[in-house]
Amino acid sequence: MRYWLMKSEPDDCSIDDLAAMPQQTVAWHGVRNYQARNFMRDSMRPGDLAFFYHSSCPRPGIAGIAQVASLAYPDASQFDPASRFFDPKSVPEQPRWLNVDMRFERKLELIPLLELRRHAELAKMRLLQPASRLSITPVAPEEWQFILATLARDA
C-alpha cells in the first residue's frame, strides 16, 4: 500500500462533500500537471490511502482520509469544451489526462498547514518543501504514521 496527499479546493470538493455523496466516491478530475498525472497512472492502486487536503482556502490543511477506489482512467473533462479543464490537444484515442476515483474513509479535525510545519518529523514531507505546488504527492509511511499517531483526531 502507498500513501498520498491529494489537494482539493473546498469550494470545488470538500471532505464534507465527499462524505455526503451517494456512494461516497468522486472522480479526482482536473489534474493538469504531468507529474501528478503520472502518480495516478503509474503508482496509485485501489486500496491506497490519501490525506484529503483542503487547499487555496483561508485555513489549508488535512481534513480527512480517502481511499483510492479505481485504477487511473481518462478524465472526461479534457474532452468537454464547456469544462474549465478542457484540453483541445487531447483526443479520446490518446488522452493526456487521467483521474482516479476516491472513496471517503473518515473526516478529521483539520490539521492546519502551520501545525504540520511545526514538526521536525515531517521536515522532508513533499507538501512542506519550498515551491511545492503539486496537487498529488506521495507521503512516506513514517510521515503517514506520525500524522495519524500524533496529530489526527476524528471530527
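See above for the structure.
Heads up: these notes are all about the structure in this document. (Residues numbered from 1 in each chain as written. Predicted model: local features only at pLDDT ≥ 70, side-chain atom pairs only at ≥ 80, totals over all residues. Heavy atoms only, no water.)

Observations regarding the sheet that holds strand E1 (residues 3–8)
Strand order in this open sheet of six strands is E2-E7-E4-E3-E1-E8, and the pairing throughout is mixed. Every other strand in the sheet has two partners, leaving strand E2 (25–27) and strand E8 (136–139) as the edge strands with one partner each. Each strand of the sheet is rotated relative to its neighbour by a mean of 40°, with strand direction disregarded. Judged from the seven bridges that link them, strand E4 (residues 61–68) and strand E7 (residues 101–112) form a sheet pairing that is antiparallel. Bridging across to E7, Gly 64 finds its partner in Lys 107. (Pairing = 2+ DSSP bridges. Helix = DSSP H or I, 4+ residues; strand = E, 2+ residues; numbered from the N terminus. Axes fitted to C-alpha atoms, helices over the stretch in contact; angles between N-to-C directions.)

Observations regarding the pattern of salt bridges
As enumerated under the stated definition, the model contains seven salt bridges in all. Here Arg 84 and Asp 12 are joined by a salt bridge, their closest N and O atoms 2.7 Å apart. A residue pair is termed long-range when its members are at least 10 positions apart, and Arg 84 in the loop between strand E5 (73–74) and strand E6 (98–99) and Asp 12 in the loop between E1 and helix H1 (15–20) qualify at 72 residues. (Salt bridge = Lys/Arg side-chain N within 4 Å of Asp/Glu carboxyl O.)

Overview of helix H2 (residues 34–43)
Listed as buried for H2 are Ala 36, Arg 37, Phe 39, Met 40 and Ser 43. Against the buried residues of H2 lie E1, E6 and E8. (Buried < 20%, exposed > 50% of the residue type's maximum accessible area, 1.4 Å probe, protein only. Contact = heavy atoms within 4.5 Å.)

Details of the state of the cysteines
Taken as a whole and assessed by the stated rule, the structure comprises zero disulfides. The thiol sulfur of Cys 13 is not disulfide-bonded, and the nearest other cysteine sulfur, from Cys 57, lies at 13 Å. The class for Cys 57 is partly exposed, based on a relative accessible area of 23%. (Disulfide = S-S within 2.5 Å.)

Thoughts on the pairing of E4
Counting buried residues along E4, eight of its eight residues qualify, which places the element largely inside the surrounding structure. Bridge analysis of strand E3 (residues 49–54) against E4 gives six bridges, and the strand direction is antiparallel. Note on E4: the bridge partner recorded for Tyr 53 is Ile 62. Linking E3 to E4, which pair antiparallel, is a turn of six residues; within it Ser 56 sits at a positive phi near 50°.

Remarks on the pairing of E7
Direction of pairing for E2 relative to E7: antiparallel, over a ladder of three bridges. In the sheet register, Thr 25 faces E7, and the bridge partner there is Arg 103.

Some words on the packing of aromatic side chains
Taken as a whole, this structure holds five aromatic pairs when the rule is applied. The interplanar angle of 25° and the centroid separation of 3.9 Å between the aromatic rings of Phe 51 and Trp 144 together place this pair among those described as stacked. With Phe 51 in strand E3 and Trp 144 in helix H4 (residues 141–151), the pair connects residues that are 93 residues apart, well separated along the chain. Taking relative accessible area as the criterion, Phe 51 reaches 0% and is therefore assigned buried. Connected via pairs of aromatic rings, a cluster forms that spans Tyr 3, Phe 51 and Trp 144. (Phe/Tyr/Trp six-rings, centres within 6.5 Å; stacked < 30°, edge-to-face > 60°.)

Examining H4
Inspection of H4 places Glu 143, Trp 144, Phe 146, Ile 147 and Leu 151 among the buried residues, and these make up the whole buried set. Viewed end-on, H4 has its buried residues packed into an arc of 165°, placing them on one side of the element. The exposed residues of H4 that point more than 90 degrees off its buried face are Glu 142 and Ala 149. Buried residues along H4 sit against E1, E3, E4, E7, helix H3 (113–117) and E8. (Arc of directions from axis to C-beta.)

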